[in-house]
Every structure is written in structure tokens, then in C-alpha cells.
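Per-entry structural report
Now for the letters of each chain:
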Amino acid sequence: MSNPTPSTANGNDSRHFKGDRSPCGPSRVLHVRKVPIEVSEAELVSLGVPFGRVSNLLMLKGKNQAFIEMASEEAAITMVNYYTTATPHVRNQPVYIQYSNHRELKTDNLPNQGRAQAALQAVNAVHSGNMTLGGTASGGDGTLMPGQSPVLRIIVENLFYPVSLEVLHQIFSKFGTVLKIITFTKNNQFQALLQYSDPMNAHHAKVTLDGQNIYNACCTLRVEFSKLTSLNVKYNNDKSRDFTRLDLPSGDGQPSMDPAMTAAFGAPGIISSPYAGAAGFGPAIGFPQAGLSMHTMPGALGPLSMAPSGRMTLHGMGPGAVHSVLLVSNLNPDSISPHGLFILFGVYGDVHRVKILFNKKENALIQMADATQAQLAMSHLNGQRLHGKVIRVTISKHQTVQLPREGQEDQGLTKDFSGSPLHRFKKPGSKNFQNIFPPSATLHLSNIPPSITDDILKDLFAGTGYTVKAFKFFQKDRKMALIQLGSVEEAIQALIDLHNHDLGENHHLRVSFSKSTI
């Protein structure tokens, strides 16, 4: 599309804008298209400031266009490179930036430039740190809030599950262009600093995300403005990233971004996958892109699409599919059963269906209640030993596990557990969400009736074939105990065998993995 010729209201200066022949070579003057009519000068200037000083601005409101002049061509090139791969949004509308064929903007004689100059001074001052944040940056009708920085400080409370830099990037990108993130641990809390291109984006993200849970009943976001106005990122790795500088080193001893990750961050809205076959997953969890709503997880963040009511809606996982089905391979075909897999995977989520493959009995498909639970089960059980074999757990390409048709030969290999009373996570916000731990040799036992002694429980485990190394009741609550077995593999097997074991008096033993040792 060619650049406009400003209307005669701009006087003789229209000769400076001859109409751009696109695409043009690099220039420090950039042409911005599809600018929403209500956008302020300050908001446009904020698009450029993260890349360097903005030296001039011309808005053509009637044509929904603008010209931004950067102080250096280098800054303009960085800006165009960045926004080519991550389309900037202003007032929730995408805007498009390309080089202009003008080498500079001459706006001295133009009317209505006062506000543009005020916005330039104010926003440049905030970003260069010359202005105390207590002051206000005036910018016409889109005035920045007093004391507002484009940098947010994020604390994640109830960190029962790791939160990665990619996960933060995906959540916070819903509100605007994220330029830089630094993560760190302080006072035993996982924290992050995150810089937007525009303080308004930071404001919207803070208002929407403060107090929300990333995962069900855990990983609560506390979001506030930082006193910093800009972040200085030296390395691109798992702890820090500057999305405007994909050329930064990874730093000593830090895992660097693999080339796929670098490429993915160059593409709009895609986070590369560390798992084969799990497109769109960040390392800890995949954030949904489209699809089904997950009503099972109130209070957890999906892709944060706002419903017309303003409430957050949660969508299913992945590009148009719900990745809640796991493929488990290298099982021991002589020992495995759908019920055993249901009990084991049920530690990490509610298992709806299990299918051991008819022609390949060392493989099974397991359908979890949702993608988060599938991810949890995969991260905790992949590589564990079961019945003497190291099992592999990956996300399946299947969206559901099909039940056999009537009359179809199945040998009892497919089971539907969706109505099972043994689901641990049916209640939203259940305490069980806070007690999810990796497999360990020590098991947590609960729901023990008063008449059951430690000898009875030790004999139960020993009589089923397990080595009991230690046992103790909880001092404050004899309904619970810890039992330590000979190995993690034994504990996994014992959990499968004895979870829901009938202890009499209408009590069924509950077994889970413990984070404690005896």
C-alpha cells in the first residue's frame, strides 16, 4: 500500500510526502498503517521507544496512518525486524509498520504538532529515566497514568508446579508486545520482571491478571508496577530474554535457546515445543490456543480470551485440538491392565478412558480430563519404571480415546472411567491439587480407621510383596501415615495395588506419593 499525501490542511509541506513506494529500503522514518482513530500520540511514540529515541511523529488521523521518525536508522531497523514477526497491537487493534521512503520528517510548519511534541518529550523522558515516575507523562487524550511504568513485577505464589519464562511470555503477550523478561528467585519466591512496549499494556495486564491462577488452585499471580522503567537483559536463556535481540549470548552455564525456540519466538504467537508432537506447548504446560472450553478448571488461565461479559474463558489446548490424550509406550504387556494405568495416572489428574492397543499391548492411550492434567502426568511419569520396564509418556495426536463398537473384539483392553468414584480432582480447588508430587519411595497413606495399627498396615504392604523400610503415623492425625518402601518402582507398584484397598469400617485406603521421607 502506498503512503498518503497529507491533506492540504498540512500546507505546503505536502511535498515532503510523495507517497511511499513499498517496500522501501531501511530508513529511520517508519510508516504506520491501520492506526485506530482514537489512538493518542503517546501510544504511537511508545511503539518506538523500546528500540531507541523517537525523534518525531506525524499523525494522519483521517487516513488512520502515521509516520514515526527514530533518532537512528539502527533503531528503526531493529523495530521493523521485531514488529514484522510480532505484529504490534494498539487499543487491541493490529497496526502495520514498514519503512517510509522519506529520510526525515519535516513537521515544523504543520498545525496540531504541539501534542505530538509533548508526547515525544514525555514518553522519551520516562523511558530514558530522566523523569521521576511520580510525575505524569502527558500525552493528549491517551494520557499515561501517573506513576505508571511499562515494567511489571510479577510474583508467583503457591508454586506447586514450575512456571517457565515461556509460560509468562504466552500469558502476558495477550495484552501487548512483551519486549523483555527476567526471572529470578527472591525471598524463596519465584519472581519476574516483564517489560511491555507501552505502559498502557502493562496497566491492562496488571488489572486483568493480578490474583489469577495459572494452573488450577495454584501458581497465583501477584502483579504490580516496577520502579524500573526499562530492563537491561544481557543473556537470552531460560532465566532472561530480550525479544528484540535474538542475537544475545546465552551466558555461562545457562541453557541457551535452541534454534527452534529462537525461530519460534521470531514467529507471531508461537512458542516452540520441547516435546515432539506437542505443538504449542511451553516447557511446563501448553497454553491453549483454540477449541473447547475447560469448565473443569475454574480460576486457571487459558489463552485469556475475554468473553463479551468481560469474564475470562478457558479454551482447549493446541491449534484446534485438545491435547489431553497421552501415549504410553514400553509397558510390560504381561502385567499391565487398564485399571492399573487408571490408578497410577489418576495421581496426576482424572483419567476418563484407557485403551491398551490390541495389536501392540506394550502401548496404551490414556485420556485425561484436560490438557493440564495430561501435561502433569507426562512430566511426572515419563521415564519411571513400571513392572520392570522404563515407560515413555508423550502427548498423543489423538483427541479422544474411542470406545470399541458393539460386538467388536476388545479383550477388555478399553475401559471408560469417566464416572469413576475414584477421581481425585473432581472438586474444583480440591486440596489434592496441592499434594501432587513426583513418584517417590515414600507413600502417603490416608483415610485410616482408628482400629488399624501400624503392624496391620506394615503387614498389608509386606504381605503384598513389598519391602517395608520405615513407617510412622502423623502425630496430630492418626488417619494419616507415611510408609517407606525399598524403591520408587516398588512404591509405584504398591500404589497401584493398594490405593482404595478396603480396610473395613467403611474405610478405603488412599495412597499417594509423599514429598517427605521418614
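Residues numbered from 1 in each chain as written. Predicted model: local features only at pLDDT ≥ 70, side-chain atom pairs only at ≥ 80, totals over all residues. Heavy atoms only, no water.

An unreviewed UniProt entry lists the chain under the name Polypyrimidine tract-binding protein 1, from Esox lucius.

Axis separation between helix H7 (residues 338-345) and helix H10 (residues 488-498) bottoms out at 9 Å; the angle between their running directions is 110°. One element, H7, and the other, H10, form an angle in the roughly perpendicular class. Where H7 crosses over H10, the two elements pack in a sense that is right-handed. Two secondary-structure elements touch here, H7 through Gly-340, Ile-343 and Leu-344 and H10 through Ile-492, Leu-495 and Ile-496. Among the residues making up the contact of H7 with H10, the classes are represented as five nonpolar, one polar and no charged. (Axes fitted to C-alpha atoms, helices over the stretch in contact; angles between N-to-C directions. Helix = DSSP H or I, 4+ residues; strand = E, 2+ residues; numbered from the N terminus. Parallel < 35°, antiparallel > 145°, perpendicular 65-115°, else oblique. Left-handed = near helix turned anticlockwise from the far one by under 90°. Contact = heavy atoms within 4.5 Å. Nonpolar A, V, L, I, M, F, W, Y, C, P; charged D, E, K, R; others polar.)

All right, on to unusual backbone geometry then. Both trends apply: most residues other than glycine have a negative phi, and most peptide bonds are in trans. For Asn-187, which is not a glycine, the phi torsion comes out positive at approximately 50°. Looking at the secondary structure, you find Asn-187 in the loop between strand S8 (178-186) and strand S9 (189-196). The phi angle at Asn-447 is positive, at roughly 65°, despite the residue not being glycine. If you trace the backbone, Asn-447 turns up in the loop between strand S22 (442-446) and helix H9 (454-463). The class of Asn-447 is partly exposed, set by a relative accessible area of 29%. (Buried < 20%, exposed > 50% of the residue type's maximum accessible area, 1.4 Å probe, protein only.)

Spatially, five strands are ordered S20-S15-S17-S16-S21 in an open sheet, and the strand pairing comes out antiparallel. Of all the strands in the sheet, the pair left with one neighbour each is strand S20 (392-395) and strand S21 (414-416). Sheet twist, expressed as the average angle between the axes of neighbouring strands with direction ignored, equals 20°. In the sheet, strand S16 (residues 351-356) pairs with strand S17 (residues 364-368) via five bridges, with the strands oriented antiparallel. Bridge assignment links Ile-356 to a residue of S17, and that residue is Ala-364. Those strands touched by H7 are strand S15 (325-329), S16, S17, S20 and S21, and its axis lies near 140° from that of S16. Running at roughly 155° to S20, helix H8 (residues 371-381) makes contact with S15, S17 and S20 of the sheet. (Pairing = 2+ DSSP bridges.)

This brings us to the nonpolar core. Among the nonpolar cores identified, the biggest contains 112 residues, and Phe-172, Leu-326, Leu-341, Phe-345 and Leu-443 are the most heavily contacted of them. When neighbours within four sequence positions are excluded, Phe-172 is seen to be in contact with Leu-152, Ile-154, Val-178, Leu-194, Tyr-196, Ala-205, Leu-209, Leu-221 and Val-223. One finds Leu-58, Leu-60, Phe-67 and Leu-105 within the second-largest nonpolar core, a separate group that totals six residues. (Core = buried A, V, L, I, M, F, W, Y, C linked by side-chain atoms within 4.5 Å.)

Among the structural elements, Gln-195 can be located in strand S9. Its relative accessible area of 2% is what places Gln-195 among the buried residues. Considering only alpha carbons, one finds Gln-195 and Thr-177, 18 residues apart in sequence, at a separation of 8.7 Å. Residues within four places of Gln-195 in sequence aside, it is in contact with Pro-150, Val-151, Thr-177, Val-178, Leu-179, Lys-180, Thr-229, Ser-230 and Leu-231. There is a polar contact of 2.8 Å between the side chain of Gln-195 and the backbone nitrogen of Leu-231. (Polar contact = N/O pair within 3.5 Å; in protein donor to acceptor, adjacent residues only side chain to side chain.)

A residue-level look at the chain finds 76% of positions with pLDDT of 70 or above and a mean pLDDT of 77. pLDDT under 50 marks residues 1-22. Its contacts with residues more than four places away, or in other chains, come to 47 contacts. Across residues 253-322, confidence stays below pLDDT 50; counting only partners more than four residues off in sequence or on other chains, it has 165 contacts. (pLDDT = per-residue confidence, 0-100.)

Before going further, it helps to examine helix H5 (residues 199-209). Pro-199, Met-200, Asn-201, Ala-202, Ala-205, Thr-208 and Leu-209 are the residues of H5 that are buried. Looking one or two places after H5, you find Gly-211, whose phi comes out positive at around 90°.

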